[in-house]
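# Observations on chain architecture
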Amino acid sequence: MATLKINGKKITAPEGATILEAAREHDIKIPTLCSNEALKPYGACRLCIVEVTKNGRTTIETSCTYPAEDGLEVKTESPRVAEGRKLVIELYLARCPNVKIIRQLAEEYGIKESAPQMGKDNDYCILCGLCVRACNEVVKAGAIQFAGSGINKIVDSPFHKTAEDCVACGSCAFICPTGIIKKNDLPSTSQCTPEGCTQTGAQREILNWQVEHKLKVCTKCGNPYAPEPHLTKITRQYYFLPEFFNICPSCRQYPVVDEDKCLGCGGCMEACPIGALELEDKGGYDKKAHVFTGNCTACHTCEDYCPMKAIS
Amino acid sequence: MKINRASDLSKIKKQGLELLSPATTRITVGSATCGLAKGAGKVLEALKYEVKKKKIQAEVVAVGCNGLCYAEPIVEVIQPGKPRITYGPVTVERVGELLKAIKTGKVVQDLALARHDEEAYCPNIAPLKYAKGKVPAALSGIKEYRKQDFFKNQLKLVSKNAGTISPSRIEEYIALDGYKALAKVLTEMKPEDVIKEVTVSKLRGRGGAGFPTGLKWQACRSAAGDKKYIVCNGSEGDPEIGMHRSFLESDPQAIIEGMAIAGYAVGAEAGYIYVNDRYVVALERLEEAIRQAEQTGLLGSNILGSGLSFSLKVKRGGGAYVCGEETALLNALEGLSGEPRPRPPYPAQQGLFGKPTVVNNIETLANIPLIALHGGKWFAKIGTASSTGTKIVALSGAVAQPGWVEVPLGTPVKAIIETFGKGTGTGKKVKAFQTGGPSGGVLPASLLNIKLDYDQLTKAGSLLGSGGLLVMDEGTDMLDMAKFLTDFFAEETCGKCSTCREGVKRLQEIIDSIMQGYGTKEHLNLVKRMAAAMSDTAACALGKTAAVPFLSVLKHFPKEVEGKLLRKGA
Amino acid sequence: MTKTKKMAAQKSATPSPGAQAVAAGEWAGKSQAMFERMLQEVPEALRGVFRGKLMQVLQQKAKGGPAAESHVTEIVHETVPEPFKSNILKAFSTMGDIDMKVVEEIIKNNPGGQETVISILHAIQAKCGYLPQEALILVSQKKDIFLSNLYRLATSYTAFRIKPLKKYAVTVCNGTGCHVKAGGQILKELEKKVSGNGSLITLEKVRCLGCCDMSPAVMINGELYGGAQAQARIAEILHE
C-alpha cells in the first residue's frame, strides 16, 4: 500500500498500481487515448501527463506508466501540465482534424484548432497502438504490428498484404478510438447464373488488413456468429473439442441435473458422446451426475437418455 | 597462452614488450576506418609485399588510430635502439622510398611528423623507451612528440594504447599494463572497494547525461535480482563523430577489461557490447579481442583463479540513433523495436531481460581500468571539481586538421580548436560551434572560451554529450544548420510518442516556412511554446531536445532568422 | 538447370535414367529449392529418411525428365498433412531465388528466442543483399515469432532493406562535418538525378563514412570517392 497526494488529496493505492489507476479509483479525472485496462501501459499519446514531485524534484511524467509510490505529490492540472497537454492535443488536431474523438478532446480542453503556423494532415490513425497491442497481448494472433518508424510509422499487416495470421476477431476494430479500422459482417449471398447458383457463406471482412473470413454458422439457430479462424484458434489454445463451437452462445444451453431426481446410475455418462458427464461423490454412497460445461456441446443426448428425466 | 594466476601476466607482458620494441624493425600502419578510408589497407599490403620481396628484417603490423586523422595513412617505424618515427600521409607510391630510408638509417623528411624517444604512456608507470643512448643525427631533426602542440597539449590516458598496439594482439595490450587493473581488483579489492574508487573518482557518464558512474553501479549492486548485466553503449549515434569507433578498432581490450571490472563490482556475470550497425571493422576487432581474452583466461569462468566468471557478447545494432538512449538500447538487445521504455523502473533495477543492468558508454568503461589501477583520488585530481578526468574530443567541420584528441575536462573550447584543429583552415573565422551532437544546438563564437565541462555547457544551453566538437565558420548559414539538425531528429525519431513524432514534423514545416520567406513572429512564438511543451512531454531526450537546434540559432543568431521573416505591408 | 546432353548420356547408360536425372541434380526452375523447403518441415533426425522416400516419389513423377516445380507442389498436396502443408505452400507462393538452406543455416547458428532476431536479420541480409519475404517467413516459423513482429523490425531499423539493391548502391555521407563543408549540395543533386533514373541506383544516406576530410564522401558499390570524383562517377553511371 502506498500513500500519496493527488491534487492535495491524500489517497492510498495498492501495491503495483500506477498513478492513473490510483487516480481513477478516486474519481480523479485524467484524459487518455492509448490506455486500456486490458493492455499493458504504453505511454504513447502523452495525454495522461501529470506533475510529479518526489524528494524535492519535480518532473512531468505519464501517469499511466509511473508507479504510485509512497510520498509522491501529484498535480493533474498544473500550468505546466496544462501547457503540455494543450500542445499534445494541438498536435493531434494537426494530424487528424476530422477524427471525432480528437475534436471532442479539443472541445473539452477549449482548443478550437491547431496553431495556424502548423501544417495540417488528414490522418485517421492516431498511432495509439491499441489495435496492435490487443492483437498481440490479448488475442495473441500477432496479425498486425507497427511498421516503419518515426514520422512514417503506420500500423500494417506484414508486407502490406493480407494479414495471414488474422483470425478476424474484430478486436482491433472494437478497440480503435477513431473508427478507422473497418470491420463488416456480410450475410451469405447467392449468385445465380444460367449455369447454376453459387452460394457464398456469411463473411467478415476487415478491410484495413485485406482480410476476409467465413463466419461460423450455429447449427441450432442457423445464424452466423463468429469468424471460423478465431474459433479454431481458441479451440486449439484451450484444447476444446472441435464440435464445441457448433452452437452459438445464445443457443448454448448447458444441461442442469436435478439432484432430487438423479439416481446416480451413470447412464447419461455412458451415453454422452463427448464425455462431458461424470458421477460426483456427494457423500456416503450417494453419487450424482455432474456436467463439465467446458466440454459440453449441448447436443441433448443426456437429456433424451435419462430414465428419470433428471436432466433438462 | 592461457593463464590462471595474476602473477602469470608478467610472462605475457614480456612477450608483448618484445613485440612492441623488437630486435628487428617494427613498421606499423594506422588501420582504423579513418585510415582504411584513405588507403591504409593498400599501404599495409604494399609494405608487407616489399618487405618480403626485398628481404628486409622487419615486421609490418596493423595498429589503430592515434587521432592524426588529417594525416592518414599513418606509418610508424621503430628500429631497434632508435626512436619511433611517425610518418604521414604515406601513400603506396612512397612505400619504396620509406623502406629505402629505413635501410640506410635516413628519414623521409617531408613525411616525418614526430619522433618518440620514449612512450610516456601513463603517469605512475615507467615509460617504454625506444631510443637507447643519443638520438642519431638523421633523426634528431624531427621534432620530439612532447614538444609538438598536437601531443603535448593532450593527456592521453584512455587512448594511451591507440595507434601504438595492434588491436589483435592481446600481448601488446598486456605489455602496456593491460589487465593489471583487473588482476589488482580480483586479488586485492572487494567489489564494494571498486565501487568506492569509482565514486571517489567522480567519473561521470561519457555518453550524454553525465550521470555519476559510481552511483549507477551502486544502485545496480543494491538491486534485487538473480542475474545482472553490464551493457556497453557503443552506438555513437551523433552524426559528426567517429572517435568511439576509432577507439574500438584501436584498443578493444580496454573495454573488455573495463566491463570485467564492472561485472565484478556489481555482481554481473555477463555483458553485452552494443555496436553501431555501420561499425563492421570495430565489430570484427571486438570479437577477435574477446576470443583472445577467452583463450588467455581473462574472460570466462574462474578468471585468474578468483572465482569471477564473466563473459561477453557483441551485438550489432539495427541502425537507429535513438538506440543510443539506454532503454531503447536494451530493447534492441532484446530483439525488439528501438523505442524507449518508460522510466521508472530504471535499468539499474530492471534492465536487460528485466534484470538489474548497468549501461555505460564506451569511454566511461575505458576509464575504469585506469581508476582501478591508479585510484579514484588520482583521477579526481584531473579535470575540474565537477567534471573529473579526460575527454576524447572529435574535431570536425571547419577545422584545418580534423581528428580526435584527449584533453583534461575543463580545457577551453577555443584552445582545442586552435591547438589541435589549427583553426578553421578556410580562411574564415569561427562563427559557431556545437558540442554534444544535435541536442546541443549551436553556441556562438563569443562563447569560445567556455570550458569543456558538463555543468558549464549545460548552463549555456548545450551539453558535453559524447564529445563531439563541430566547428562552423563565417560561411555557414545558421538557419540551414538549424534545418539540417532538425531534419536529423525528424529522420531518427522512433515515432512512439505523439509529442516527438508530430512535433518534429511541425518544426520542420515551420523552419521551411521561415526559409522560404513566409515566417512571422508567430512562427517564432510557436516554436518557443513547442520547445517548452516538448521538453516536458516527450518520452526521451530526443523529443525533449528536438527544438533546441532552431531555438539556439534563434537565440545566438537572431538576425539570421528575423531577417527572413515576412514584413507586414512589404 | 536442364542439361540435355548430360541427360541423354545418362539415359543410355543406366536402367533408370529418370532417377539418375533427378539424383544428379536435374531440377527445373525453383524445384530444388522448393523440395528442400518442403523437407525443412521434417524434424532433422528424420530428414534423411524422408528425403529418400520423397525423392523416389519425385522421380516417379519426373518420369525421366527434370523435376518440375509442379511435381514438388503435387507431392505437398498429396502427402503432407496440416499444418505443415499450409506452411510449405505459403512459403512456395513467396519463394524467390533465395537458397533457403543458407537461411536455415543462419537460424541454426543463432539458437535462442527474440533476442537473436536482429543478428539473424543481419546475417540474412549479408547473404542475400536484402531481407526476402520467404526468409522472414522461415524465421517466423522456426523461432515461433509472429511474422508481423519481424516485419516491424525489418522496416523500422534503417540497417535493413526489404527490397534488393539495384545495380549501383550509392551511399552518401550525411554527417554534420560533411554537411558543413559541402552544404548538403551533393546529396540534393544526387537525389534529383536518381529520382529519374531509379532503376539503376539505390541511394542511401549514412552518418560518417570515416573520412572526414574527403567530404562530401560517397561510396559506390563499396568504393569510396571524395566530392568531385563522386560527381564524375555518378555521371558515368547515369549515362548507362
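Residues numbered from 1 in each chain as written. Chains lettered and ligands numbered in written order. Predicted model: local features only at pLDDT ≥ 70, side-chain atom pairs only at ≥ 80, totals over all residues. Heavy atoms only, no water.

### Focus on the domain arrangement of chain B
All names here are of chain B. Domain boundaries assigned for chain B yield domain 1 (8-152), domain 2 (179-380), domain 3 (390-473) and domain 4 (478-562). Of note, the centres of domain 2 and domain 3, computed from C-alpha atoms alone, are 27 Å apart. Facing the 17 residues of domain 2 at the interface are 20 residues of domain 3. Here domain 2 and domain 3 share an interface that buries about 1,500 Å² over both sides, 52% of which is from carbon and sulfur atoms. Where domain 2 packs against domain 3, one counts two salt bridges. Between Glu363 and Lys391 there is a salt bridge whose closest N-O contact spans 2.6 Å. (Domains from an automatic or database assignment. Contact = heavy atoms within 4.5 Å. Buried area = accessible area lost by both parts, 1.4 Å probe. Salt bridge = Lys/Arg side-chain N within 4 Å of Asp/Glu carboxyl O.)

### Some details on the sheet that holds strand S4 (residues 223-225) of chain C
Residues and elements named next belong to chain C. Read across the sheet, four strands follow the order S2-S1-S3-S4 without closing on themselves; strand pairing throughout is mixed. On the outer flanks of this sheet lie strand S2 (201-206) and S4, each paired with one strand and no other. In this sheet, neighbouring strand axes are inclined to one another by 25° on average, regardless of whether the strands run parallel or antiparallel. Bridge analysis of strand S1 (residues 168-173) against strand S3 (residues 218-220) gives three bridges, and the strand direction is antiparallel. Its bridge partner being in S3, Thr171 is matched across the sheet by Met219. (Pairing = 2+ DSSP bridges. Helix = DSSP H or I, 4+ residues; strand = E, 2+ residues; numbered from the N terminus. Axes fitted to C-alpha atoms, helices over the stretch in contact; angles between N-to-C directions.)

### Quick word on the interface of chain C and chain A
On the side of chain A, 21 residues touch chain C, which itself brings 11 residues to the contact. Considering only the surface of chain C that becomes buried against chain A, Phe146(C), Tyr151(C) and Arg152(C) emerge as the three largest contributors, covering 44% of it. Applying the counting criterion to the chain C and chain A interface returns zero salt bridges. Elements with a contribution of two residues or more to the side of chain C that touches chain A: helix H9 (133-143) and helix H10 (147-156) of chain C. With seven residues, the top contributor of residues to the side of chain C that touches chain A is H10(C). Classifying every residue of the side of chain C that touches chain A gives four nonpolar, five polar and two charged. (Nonpolar A, V, L, I, M, F, W, Y, C, P; charged D, E, K, R; others polar.)

### A word on the state of the cysteines
All names here are of chain A. A complete count under the given rule lists one disulfide over all chains for this structure. Each disulfide pairs two cysteine sulfurs, and for Cys192 the partner residue is Cys197, the sulfurs being separated by 2.1 Å. As the torsion about the S-S bond is roughly 110°, the Cys192-Cys197 disulfide counts as right-handed. Pair check on accessibility: Cys192 and Cys197 agree, each one exposed. Between Cys218, a cysteine without a disulfide, and Cys221, which holds the nearest cysteine sulfur, the sulfur-to-sulfur distance is 3.6 Å. (Disulfide = S-S within 2.5 Å. Buried < 20%, exposed > 50% of the residue type's maximum accessible area, 1.4 Å probe, protein only.)

### Describing empty space enclosed by the protein
All names here are of chain B. Going through the model one piece at a time under the given rule, you end up with 12 cavities of 30 Å³ or more. If you add up the space inside the second largest cavity, you get close to 170 Å³. Forming the walls of the second largest cavity are 20 residues, and the residues nearest its centre are Lys160, Tyr173, Asp177, Pro369 and Leu370. Breaking the lining of the second largest cavity down by element, the ones donating at least two residues are helix H12 (252-266) and helix H15 (362-374). Counting residues per element, the lining of the second largest cavity draws most heavily on H15, which supplies five residues. The residue inventory of the lining of the second largest cavity, partitioned by class, reads 13 nonpolar, three polar and four charged. When residues of the lining of the second largest cavity are sorted by domain, at least three fall in each of domain 1 (8-152) and domain 2 (179-380). (1 Å grid on protein atoms, 1.4 Å probe; cavity = no way out; pocket = protein on both sides within 12 Å on 5 of 7 lines; lining within 4 Å. Points joined across faces, edges and corners; volume = space filled by probe spheres on them.)

### Structural notes on the pairing of strand S12 (residues 390-397) of chain B
All names here are of chain B. Burial within S12 is extensive, with eight of its eight residues counted as buried. Sheet analysis places S12 next to strand S13 (residues 403-408), joined by six bridges and oriented antiparallel. Paired with Ile392 across the strands is Glu406, a residue of S13. In this antiparallel pair of consecutive strands, S12 and S13, the connection spans five residues. Pairing analysis gives four bridges linking S12 to strand S16 (residues 468-473), with the strands arranged parallel. Bridge pairing links Ser396 to Leu470 in S16.

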